[in-house]
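# Survey of secondary and tertiary structure
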Amino acid sequence: MNLGAYKLDGFFDEMYSSQIEARPEYKFYKRNLENLPEGEIQRRKHLVERSLLTMGITFNFYKDEVHSEAIFPFDIVPRIIGSDEWKLLEKGLKQRVFAENLFIQDIYNEKKIIKDKVIPPEVIFSSRAYLPQMEGFTPPKKIWNHINGTDLIRHTDGNYYVLEDNLRCPSGVSYVLENRENMKRTFPEMFEALNVCPVYEYPTRLLDMLHYISHTDSPRIGLLTPGAYNSAYYEHSFLANQMGIDLLVGSDMVADNGAVWIKTTNGYKQVDVLYRRIDDNFLDPLYLNPESLLGVPGLLRVYKNEKISLANAPGTGIADDKVIYAYIPKIIKYYLGEEPLIPNVPTYVCSEQKDLGYVLSNLDTLVVKAANEAGGYGMLVGPHATEKEKLEFKEKIRANPRNYIAQPTMGLSRVPTLSGNELEGRHVDLRPYIVYGKDIYVLPGGLTRVALKKGSLVVNSSQGGGSKDTWVIA
Amino acid sequence: MLTRVADSIFWMNRYIERMENNARFIDVNLSLSMDLPQGMQEQWEPLVQVTGEYELFEELYGEPNRENVLRFLGSDLKNSNSILSCLYSARENARGVRENLSTELWEHINSSYINIREEFEKGEIFQNAAGFFKKIKTVSQLFIGMVHSTLSKTEGWHFANLGRMMERADNTTRILDLKYFYLLPSSQEVGSPLDLLEWHAILKSASAYEMYRKSYGKIQSREIVEFLILDRYFPRAIRFCLIEAENSIYAITGTANRTYSNTAEKKLGALRSELDYLSVAEIIQFGLHEYIDALQSKLNDISAEIRENFFLQKESPASIEQWRNKEE
């Protein structure tokens, strides 16, 4: 394949250090790519896409009220991370996750961080994710955030920053695992030559963690899914399968007589641990949102009586609130006495007067996010927004300042992506997955999400994003 | 196994079987219609009549003709028993329980659905009906092959078998009933070439032609009825299906032979037993169409009992003690 001069456009490129030179971790890959005959890479791309469709690696979405399925777009040019760089990231991620857990435990119990005036209490108790039902509760093994997806970006200065934390049902790991299988089949020669850290351990580590938090020795474990029409259903089914646990919907279970039971053809069987992929509020129509059809009435009571364990613990979302995010560096300092190894993106918290003033006068250069939205919704990208959009957003901020944070637009790094017959840079981020059980395990690499549209910065699957395989060289 | 999973596996297999039967059925009768004498050609009504969906058909299309019958039975999603509807339902059921299936099985049913849907959109059923129906049969046969060679022969496998056998028994009754709906002009007699032609088609609809010939030789209506209802070796004979279904239901509950532990087993066992000791003379005397009607009714009954006993949960877990002891 003929690789002409590559356009960097002023962004940090993961592969190219200059228009023609590849970074050390990419050198072998580049050579290999150049040696591929014309049309070969397109052929392989097509094979991959067909395979994704056959395997049913899709996500569900709603277009004009009609349920549709689409393959989660995948680009075959991987994102490669060198060994030294990864070691630093891994340390930083472990530090962050560990501190977040201490924070959550403290908030629902002693509240030392509030008493020591490190974080204003209103910020915490006004968060939608704060669950008063969890006051005074300590989950098994004192762990709240069993599964974490910490979104990282690399800025034009070449440094990694944490973009946001995800402690509430972070999704995407199934794509990591399946993408890797696909890549191994499509580029076997690469894997044979490079020493890419494998990812197959993830389901095992996940299962180990679920065992670890159980209240009983031989637990029956299930994965609670909203069902086949949920956008991440494929992942729920995939992980349940890989771990050999039951895939359950709310109506498969009933809480009665102090425990939670699964309806089987041979009577009721007790379930001991649930990996739940349902939002906190929908877990239990009896004790939480009464309109929920997805949960199990009475589940929360059984949980608080320690007759069932839940991963992640309800109430964990307090740490992935976008406003709390701004305080994480302080949180790490407070509980660990350390500076964060991976910095936050500079963040302005609109509930603080001086920050609010700055944000309102500088909307042109800022990205403003609503505290509790996900999927890229409720966001304003200042530099790309119209005057009208900016004015409307100012009103929203003034009406509810606690709900908004703002960050300068970061120059997301790019990775070459196949566009027709050319390689063009597309912006990416990185979501490593971290499992907190007996130890803290960081999956090597994670999901590299790529904004497939030229110039776009939005990487979410529901808004035109795709993914790439992430290779960490051992 | 989860009741929801058992339910889905049961229905997935029923839908695939139904889809295959519909395909074979339409295929054979399309072929039959070409051999019919002038004036008798284009008898599309019986094809729809025998599925029991005639009312719906009339509502949607009015007068039957080749194109609209093919569309109705083939790709119309408003007909929940059309080929495409069955395949779609099977696939949706599979998707909800895919962690209980092998990868091959899931990928097969998923890609088949995508391919067949594309073929329908291209109008393959009209341009190359015979080739198209063959594809459908292959989808089913591959599916069955995979069930047999990639699923452990435990509870899930037995629910699959139970579903398929119940559906197959029902389908054979419909195939036999076709004769009732094909009108014979009064000038024609039983045993006439036309009559024989129709019986021929019935055998082919059940893929029974060669096996029947080996057992009986001459095409005679009485013997055909005996073969398709009472034979215990031929895989599409109703008695064979009931024996298989019974074996599977016993495997699921662990019940001993000649007893029953729930109402589904009771009714299934009773029907199987009835066929064990029935003669074709008695069927003919009762009236073929009437007997088939009664059979279909009993089969429906058994299906309802299966649902009641295995897929719905009646007792509350407060009676858990009883189950816990059972386990120990």
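Quantities reported herein were computed from a predicted structural model and do not represent experimental measurements.

What counts and what doesn't
Residues numbered from 1 in each chain as written. Chains lettered and ligands numbered in written order. Predicted model: local features only at pLDDT ≥ 70, side-chain atom pairs only at ≥ 80, totals over all residues. Heavy atoms only, no water. Helix = DSSP H or I, 4+ residues; strand = E, 2+ residues; numbered from the N terminus. Rg over C-alpha atoms; globule rule 2.2 N^0.38 Å. Buried < 20%, exposed > 50% of the residue type's maximum accessible area, 1.4 Å probe, protein only. Domains from an automatic or database assignment. Pairing = 2+ DSSP bridges. Axes fitted to C-alpha atoms, helices over the stretch in contact; angles between N-to-C directions. Contact = heavy atoms within 4.5 Å. Core = buried A, V, L, I, M, F, W, Y, C linked by side-chain atoms within 4.5 Å. Buried area = accessible area lost by both parts, 1.4 Å probe. Salt bridge = Lys/Arg side-chain N within 4 Å of Asp/Glu carboxyl O. Polar contact = N/O pair within 3.5 Å; in protein donor to acceptor, adjacent residues only side chain to side chain.

For chain A, the count of helices and strands is 14 helices and 23 strands. Here chain A has a C-alpha radius of gyration of 23 Å; the compact-globule value for 474 residues is 23 Å, and the two agree. Seen through its principal axes, chain A has C-alpha atoms that stretch 70 × 60 × 50 Å. Put simply, chain A has 474 residues, and 58% of those count as buried.

Attention shifts here to the domain arrangement of chain A. Each domain of chain A was delimited in the assignment, giving domain 1 (216-307) and domain 2 (348-408). Each of domain 1 of chain A and domain 2 of chain A has a C-alpha centre, and the two are 37 Å apart.

Turning to the sheet that holds strand 4 (residues 147-149) of chain A, a few remarks are in order. Residues and elements named next belong to chain A. With antiparallel pairing, the 3 strands of this open sheet are ordered in space as 4-20-21. Each edge of the sheet is formed by a strand with only one pairing partner; in this case those strands are strand 4 and strand 21 (440-442). The sheet shows a mean angle of 20° between the axes of neighbouring strands, direction not considered. With 3 bridges joining them, strand 20 (residues 433-436) and strand 21 adopt antiparallel strand pairing. Opposite Val435, over in strand 21, you have Tyr441 as the bridge partner. Sitting on the sheet, helix 8 (residues 202-212) touches strand 4, strand 20 and strand 21, and the angle it makes with strand 20 is about 30°.

All names here are of chain B. Relative to the helices and strands, Glu244 is located in helix 13 (residues 238-253). Classification of Glu244 by relative accessible area gives partly exposed; the value is 24%. Residue contacts for Glu244: discarding those within four places in its chain leaves Asn161 and Met165.

What follows is about the nonpolar core. Ranked by internal contacts, the top residues of the largest apolar core, which has 145 residues, are Phe103 of chain A together with Phe133, Ile229 and Ile306 of chain B. Here this core takes 12 residues from helix 1 (residues 3-35) of chain B, the largest share from any one element. A domain split of this core shows at least three residues from each of domain 1 (216-307) and domain 2 (348-408) of chain A. Look past the residues within four positions of Phe133 of chain B in its chain and what remains in contact with it is Ala23, Ile26, Asp27, Leu30, Leu70, Ile83 and Ile125 of chain B.

A few words now on the interface of chain A and chain B. In this assembly, 31 residues from chain A lie in contact with 31 residues from chain B. Both sides together, the interface formed by chain A and chain B hides about 2,600 Å², and carbon and sulfur atoms give 49% of it. Three residues stand out in chain A for area buried against chain B, namely Thr54, Thr265 and Tyr268 of chain A, and they jointly supply 25% of the buried area on that side. Applying the counting rule to chain A against chain B returns 1 salt bridge. Across the pair Arg4 of chain B and Asp252 of chain A runs a salt bridge whose closest N-O atoms are separated by 2.7 Å. Put simply, chain A and chain B have 9 residue pairs in polar contact (both at pLDDT 80 or more) between them. Those elements giving two or more residues to the side of chain A that touches chain B turn out to be helix 2 (40-55), strand 2 (66-71), helix 9 (233-243), strand 8 (246-248), strand 9 (253-256), strand 10 (259-264) and strand 11 (267-271) of chain A.

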